[in-house]
Amino acid sequence: MSIKHKAQALAITCIDFRFCKMIEEDLAKRHLNGNCDRVAWPGTSKDYDNVLQTAKLSLKLHNPDELYIYEHEDCGAYGQDNSEKTHRQNATKLANSLQEIRPTLEVTTLIATFKGIKPL
Ligand SMILES: [Zn+2]
């Protein structure tokens with residue numbers, strides 16, 4: 001029997017190593033290191049179906065109260081259309097689907113830039 005274990009948050013990021021340190025620091029500022037589920041997937045929320053499936057598993061297994069989606073600029077998975085608008089549309093679509101499942105989920109969408117992390 002496994003003991004019931006709850007995560008404070010779920011954090012979804014791209015795999016891109018250039019932004020890992022920045023995101024780790026941001027999570028630390030939010031006191032989330034060590035108590036959040038992590039999903040790293042190329043393009044963050046761009047691959048909607050796969051990321052949704054993985055995120056749903058986090059909700060089911062670890063019941064997080066908060067969701068953080070970290071998009072980032074210059075994402076190779078996005079190719080030509082790397083506009084903030086497109087990142088925002090994809091992040092919002094993913095967040096909305098997860099909030100349908102868990103209406104109390106507190107959502108924060110962010111974009112990592114080479115100058116720092118800002119709200120998306
Ligand atoms: Zn990326």
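Residues numbered from 1 in each chain as written. Predicted model: local features only at pLDDT ≥ 70, side-chain atom pairs only at ≥ 80, totals over all residues. Heavy atoms only, no water.

Packing of helix α2 (residues 48-62) against helix α3 (residues 84-101) leaves a shortest axis separation of 10 Å and a crossing angle of 35 degrees. Crossing geometry of α2 relative to α3 is assigned as right-handed. Here Y48, V51, L52, A55, K56 and L59 of α2 lie close against α3, whose contacting residues are K93, L94, S97, L98 and I101. Residues that form the contact of α2 with α3 fall into these classes: eight nonpolar, one polar and two charged. (Axes fitted to C-alpha atoms, helices over the stretch in contact; angles between N-to-C directions. Helix = DSSP H or I, 4+ residues; strand = E, 2+ residues; numbered from the N terminus. Left-handed = near helix turned anticlockwise from the far one by under 90°. Contact = heavy atoms within 4.5 Å. Nonpolar A, V, L, I, M, F, W, Y, C, P; charged D, E, K, R; others polar.)

A few words on the sheet that holds strand β1 (residues 9-13). Spatial strand order, β2-β1-β3-β4-β5: five strands in an open sheet with mixed pairing. Every interior strand has two partners, whereas the edge strands, β2 (36-40) and β5 (116-119), have only one. Taking the axes of each pair of neighbouring strands and ignoring which way they run, one obtains an average angle of 20 degrees across the sheet. Across four bridges, the pairing between strand β4 (residues 106-113) and β5 is antiparallel. What sits directly across from L110, in β5, is P119. Sitting on the sheet, α2 touches β1 and β2, and the angle it makes with β1 is about 165 degrees. (Pairing = 2+ DSSP bridges.)

This next bit is on α3. Look at α3: 26 Å from first C-alpha to last across 18 residues, which is about the 26 Å you get at 1.5 Å a residue. Burial in α3 covers these residues: T86, H87, A91, L94, A95, S97 and L98. Seen from one end, α3 has its buried residues packed into an arc of 160 degrees, which puts them on one side. Opposite the buried face of α3, at more than 90 degrees from it, the exposed residues are K85 and E100. For α3, the secondary structure elements touched by its buried residues are β1, α2, β3 (66-72) and β4. (Expected span 1.5 Å × (residues − 1). Buried < 20%, exposed > 50% of the residue type's maximum accessible area, 1.4 Å probe, protein only. Arc of directions from axis to C-beta.)

Our focus in this paragraph is the pattern of salt bridges. Under the counting rule described, the total for this entry stands at eight salt bridges. One salt bridge connects E24 with R38, and the closest N-O pair in it is separated by 3.0 Å. Of this pair, E24 sits in helix α1 (residues 20-29) while R38 sits in strand β2; the two residues are 14 residues apart in sequence, bridging distant segments of the chain. Overall, E24 belongs to the partly exposed group, its relative accessible area being 32%. For R38, a relative accessible area of 39% translates into the label partly exposed. K118 is the partner of E84 in a salt bridge, and the nearest nitrogen-oxygen pair spans 2.9 Å. Here E84, found in helix α3, pairs with K118, found in strand β5; they are 34 residues apart in sequence, far enough to count as distant. Taken together, the shared-partner salt bridges in this structure form one network comprising D16, R18 and D74. (Salt bridge = Lys/Arg side-chain N within 4 Å of Asp/Glu carboxyl O.)

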